[in-house]
Structure formats: C-alpha cells, structure tokens
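Below are the chains, spelled out letter by letter.
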Amino acid sequence: MKIKNEAMLITYADSLGTNLKELNQVLDKHLQGVVGGVHLLPFYPSSGDRGFAPMDYTKVDPAFGDWSDVEQMSQKYYMMYDFMINHISRQSPYFQDFLEKKDESAYKDLFIRYKNFWPGGEPTPEDVDLIYKRKPRAPYVEVTFKDGSTEKVWCTFDEQQIDLDVTTDTTKKFIRDNLTFLAQKGASIIRLDAFAYANKKIGTNCFFVEPDIWDMLRYSEDIISPSGITVLPEIHEHYSIQLKIAEQDYYVYDFALPMLVLHALYSGQVHRLVHWMGICPRKQFTTLDTHDGIGVVDVKDLLSDEECEMTRESLYSQGANVKKIYSTEAYNNLDIYQINCTYYSALGNNDQSYLLARAIQCFAPGIPQIYYVGLLAGENDIELLESTKEGRNINRHYYTLEEIEREVERPVVKQLFRLLKFRNTCPAFDGTVEAEQVDVNNLRIVWKNGLSEAKLEANLATKQFSIRYKDTETDWTTLM
C-alpha cells in the first residue's frame, strides 16, 4: 500500500492488547479513520531493547502472532517496519555461528573486529574521544569464542546489539536479503534504525560519515524502490542533517518539533516554532512522542542553549510525575540526550495544553506520527518504571483491551480522535502551508489547496485555539 497523507500510529505488537490479533481488534473497533498507517515497532524475535536487538527478520515473535496477523494489518493500513541497519542480536544465529566457528564462520565478515579495524588492534585515546558515542566508553564488547580465545567487536549500544560491518559483501547480501523479504511482507516504508552509526571510518567520529553514508542510503533505497517502497533513515542529531537528507528527496523525521512545541507552550512565545515551520522539510514525518525519550539534541541552534535549558527545567517543574533521575544511568538510560516522559505528562496532564500541542503537530508540515501512549493521552507509568528500573518504560505502558475501552471515552481522547480524523480527510492538507507569527504569543498556520482551506489560530500563553476550515470561497466551519 502506498504512503497516505494520514496520521500514522506508532505501537509495539503487545502494547494495545497483548498481541497482534488484539491490536488488529483495537484498530478495527476504535481507530478506523483515526490513523491511516501503522509503524509496527520491531516484532521479530529479539534478545533485548524491546525488539531492537533482532535475531531473525524472517520471523514474527511467536508471543505476538505470525505473519498473517501482520499482513492482515497491511491490507488496511500503510505500514512501517524497522530494519536495524547498524546492528544485529548477539543471540542471532549469525553471531552465534561466528562465536562457534570464528574464522571459519560464513558470517565472520558481518561484524567489525577491533583487531582488523584499528591499526595494531586497538584505538588510541584520541580515536576513542573522536567517536560520537551514546555511552562514556569505547564502543566494544569483549567476546569469547568456542576455542577459548577472546576478541573485541564493535558494539555501539546495548551489549545485545552487535554492530554490522556494512562495507563487506557478506553484510551487503544480508541487507539485500532482509530488505527484499520485508518488502514482500506488506511494508510501505522501511525505517533504517540507528542509520547514522552504520558507517565507521578511522579519523572520523563514525557518525553520518560522508560520502559513505549516502552510498548506504542509496543502496538500501535501490533494493526496495522497485516494489514501490521507500526508506526512512532514523537519525537523532542536529536538524541540519535532516535538511541535508531532505535535499536528496528522501523522507526524514521532524525530531525537532517535540522540544519546539514544549518551548512554545512553556514560554508562551511562538517565534522559534514559526521559524522552524518556515524552513523545515515538507517531505517528512512529524513526531511529538516515540518509543524513546523526548530528544534534546535535535533542537540545538533552533533554540538557544538558554531556551533549551529553560524547556528542560520547565518539563521537570511543570510536568507531572517526572524527575531528572528517570533520565540517568540509575534508570538505565542509554541516551543522555533524551528525557523520559510521556508528552501528556510533560504538559502537566493538562487536556487543553495537550490538544493544542497535537493541533500544532497536525498543522505542521509533514505527516503526523502519534505514539500509542500519546494517542490515549497517557500519563507517566511510574509503576512500570520502578518495577523495571528502565527509564524509557515510563512511556511504555501496556494497555489491556479493558483499559482501552475506558480510555477512548475520555473527553481529551475523543477530541484528539476528532482532530486526527479531520487531519486525515481535509483536502487542504494536500496543498501548501504557511505559518506566521501574529504577535509574541499568537500564531496562525494556514493550509490551502484550491478552494479548500484549513486554519489554526492559537495563543500559546493562554492555550486557547481554534481550528476552522472551508471548501468554498466563503463558508467557514469551526472544528474546535
């Protein structure tokens, strides 16, 4: 199915109900017209990081269901699947074969062995300092082979996520085989997770290494584009990288929007948000929340350091049940540039502020993605957080079917569903957009497409807003 200009739900296979069959029930019963697409977070057998340490892309984790459940979804929704282009599970058959057979393994060239990568087998302290890291250490794990020997292999993230050597023929075949398989299983978009980390080169920071990274992007796109499918590179970094990728006509993420909207709502000032809407890519997916934390690094230079710090501090002071410690090593936080909190709780569990935030997202350039907790205006799950000591679990509540029945009756959720249905069906959103600062506190965003027009006017200080639309020369209708 082709990508539609309709909101996309982001969800795990077992978060709205306990498995894919129940998720399909929830989609059919509650979300028809509310979302047009589904980003189904990794549903493959995995050994860690809630699915992001995949063992085998050709299988669905039996705990969730099987391919028929996934393909049933793909008949009704445009789908996004994840491909972890940077790494594979330590428990995967590929890495286990490597541990058993070492140099005789057919998969030995899948991985980056320190002894082969670095001159002398080890990086210098300067080399380590140069690498763009999410952890304060050299990116490796030491592994023991069946013969008792040990080696260091490249590992950027969790110890269950072993990096791939994307330069070798073995890995290129691995990428081709798996992307081709996923393309045949109902994907509309394949998200290249941790994309910027994929290429490593001595003398660089090993993050978005040019021109190598462009070759990797084109290689991936060329594999699946004959099937009418596209790639979406996932990168959390300075917004200029998204602009650079968008210039090459790829879809990108708007990861700057979450902090910019929070800044506008906390400060009441609209100038930073309006400036970004003027320069941001148009071919993009917008987010306010995802399965990870609220990204901070993406907004550097769109907010000043002082404004960014004000936004962070306001989140902790105005947000509901959120503490700084939840985003630290004490709660196994892997990314020092993210704040762990649901978006609803970041706004103090305030319905009016939250609906305004979603209205801004729906009117921002791009296609809105909405995380399942955000779709139900979910509060921070402190119980899950404390029972697991995993910071990101604050925003990963498991909803039962009974809970969902209750949540969809809340006025804020009903209003949000109404807003998303409007965003999915109003022809104005297929046209052009203009955002303007009316004054310090007020903004106006207008979409036009022929006679169809949609207008959001909002006061960020009072949180009052209106949405109006028309499909003729004169008659305006008020949505909210």
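Here the structure is a predicted model, which means the values were calculated and not measured.

Concerning the packing of helix α9 (residues 257–267) against helix α10 (residues 271–279)
- It is at 8 Å that the axes of α9 and α10 come closest, and there the two elements cross at 150°. Overall, the two elements α9 and α10 adopt an arrangement that is roughly antiparallel. Here Leu 257, Leu 260, Val 261, His 263 and Ala 264 of α9 come into contact with α10, specifically with Arg 272, Leu 273, Trp 276 and Met 277.
- A per-class count over the contact of α9 with α10 returns 7 nonpolar, 1 polar and 1 charged.

Brief notes about the sheet that holds strand β2 (residues 37–40)
- With parallel pairing, the 8 strands of this open sheet are ordered in space as β9-β8-β3-β2-β1-β14-β11-β10. For this open sheet the edge positions go to β9 (230–233) and β10 (252–254), each flanked by a neighbour on one side alone. On average, each strand axis in the sheet is tilted by 30° relative to the strand beside it, whichever way the strands run.
- Bridge count between β2 and strand β3 (residues 78–84): 3 bridges; the pairing is parallel. Residue pairing in the sheet places Val 38 in a bridge with Met 79 of β3.

Section: the pattern of salt bridges
- The final tally for this structure, using the stated rule, is 36 salt bridges.
- One salt bridge connects Lys 101 with Asp 97, and the closest N-O pair in it is separated by 3.1 Å. One end of the pair is Lys 101 and the other is Asp 97, both in helix α3 (residues 93–101) and 4 residues apart, which spans about a single turn.
- We classify Asp 97 as buried; its relative accessible area is 15%.
- Across the pair Lys 173 and Asp 177 runs a salt bridge, and its minimum N-O distance is 2.7 Å. Here the residue Lys 173 and the residue Asp 177 both occupy positions in helix α6 (residues 169–183), the gap between them amounting to 4 residues, near one helical turn.

Conventions adopted
Residues numbered from 1 in each chain as written. Predicted model: local features only at pLDDT ≥ 70, side-chain atom pairs only at ≥ 80, totals over all residues. Heavy atoms only, no water. Axes fitted to C-alpha atoms, helices over the stretch in contact; angles between N-to-C directions. Helix = DSSP H or I, 4+ residues; strand = E, 2+ residues; numbered from the N terminus. Parallel < 35°, antiparallel > 145°, perpendicular 65-115°, else oblique. Contact = heavy atoms within 4.5 Å. Nonpolar A, V, L, I, M, F, W, Y, C, P; charged D, E, K, R; others polar. Pairing = 2+ DSSP bridges. Salt bridge = Lys/Arg side-chain N within 4 Å of Asp/Glu carboxyl O. Buried < 20%, exposed > 50% of the residue type's maximum accessible area, 1.4 Å probe, protein only.

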